[in-house]
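# Structural characterization, general
What follows is the residue order along each chain.
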Amino acid sequence: MHQETGISRQALTPFYHNQSANIKFSTLANICDALQVPLSSLISYEPSGVNFDSRKSDSKDIERVWEVFHGEDLDQLVDRAHTEAPLGFQIEHVEVTFIHGEYVVTAIQSRERSD
């Protein structure tokens, strides 16, 4: 796998043994490309009960917004999603897709309402 992806064995070993605490999105993308599988076959997400289909929150105490970033450097896009979050908002969920030769990162952000 390391020869196909260009990722070192040292970086792949924790992922293989399900012991990786942090993994770059670009690493996941390289693995998906080498295996020719979607990201969903490598990792899964267990929903927290939050409705991400709408800008409106189920809770009157939480305000949620989303921002979309696109480009070719996935790590840079994810960094932007975190650093460009509106003041007081925290990243709640990040979704990554690859469309027409570029990554699209959608970041769901939330904060407690201050009404």
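Residues numbered from 1 in each chain as written. Predicted model: local features only at pLDDT ≥ 70, side-chain atom pairs only at ≥ 80, totals over all residues. Heavy atoms only, no water.

### A word on the overall build of the protein chain
- Along the backbone of the protein chain there are 4 helices and 3 strands.
- The linear arrangement of helices and strands in the protein chain, starting from the amino end, is α-α-α-β-α-β-β.
- The burial tally for the protein chain puts 23% of its 115 residues in the buried class.
- Here the analysis covers contacts within the protein chain between residues at least 6 apart in sequence; of these, 50% occur between residues at least 24 apart.
- When the accessible surface of the protein chain is totalled, it reaches about 8,400 Å², and 47% of it is carbon and sulfur. (Helix = DSSP H or I, 4+ residues; strand = E, 2+ residues; numbered from the N terminus. Buried < 20%, exposed > 50% of the residue type's maximum accessible area, 1.4 Å probe, protein only. Contact = heavy atoms within 4.5 Å. Areas by Shrake-Rupley, 256 points an atom, 1.4 Å probe, with all protein chains shown as cover.)

### Observations concerning the pairing of strand E2 (residues 90-99)
- As defined by bridge partners, E2 adjoins strand E3 (residues 102-112) across 9 bridges and the pair is classed as antiparallel. Paired with Val-96 across the bridge in E3 is Val-105.
- The loop that links E2 with its antiparallel partner E3 comprises 2 residues; one of these, His-100, has a positive phi angle of about 50 degrees. (Pairing = 2+ DSSP bridges.)

### Considerations on the nonpolar core
- The biggest cluster of nonpolar side chains holds 9 residues, and these are Ala-29, Phe-69, Leu-74, Leu-77, Val-78, Ala-81, Tyr-103, Val-105 and Ala-107.
- Elements with a contribution of two residues or more to this core: helix H4 (74-83) and E3.
- Of the residues forming this core, the biggest block, 4 residues, is contributed by H4. (Core = buried A, V, L, I, M, F, W, Y, C linked by side-chain atoms within 4.5 Å.)

### Considerations on the environment of Val-96
- One can find Val-96 in strand E2.
- Note: C-alpha distance between Val-96 and Phe-25 (71 residues apart in sequence) is 8.6 Å.
- If we ignore the near neighbours within four places in the chain, the residues touching Val-96 are Phe-25, Leu-74, Tyr-103, Val-104 and Val-105.

### A word on the pattern of salt bridges
- One pass over the structure, following the stated rule, counts 2 salt bridges.
- Taking the shortest distance from any N to any O, the salt bridge between Arg-80 and Glu-84 comes out at 3.0 Å.
- When its relative accessible area of 38% is taken as the criterion, Glu-84 is described as partly exposed. (Salt bridge = Lys/Arg side-chain N within 4 Å of Asp/Glu carboxyl O.)

### Some points on helix H3 (residues 25-35)
- What H3 keeps buried is the set Thr-27, Leu-28, Ala-29, Ile-31 and Cys-32.
- Buried residues in H3 make contact with helix H1 (2-5), helix H2 (9-16) and E3.

That's the geometry; what it means functionally is another story.
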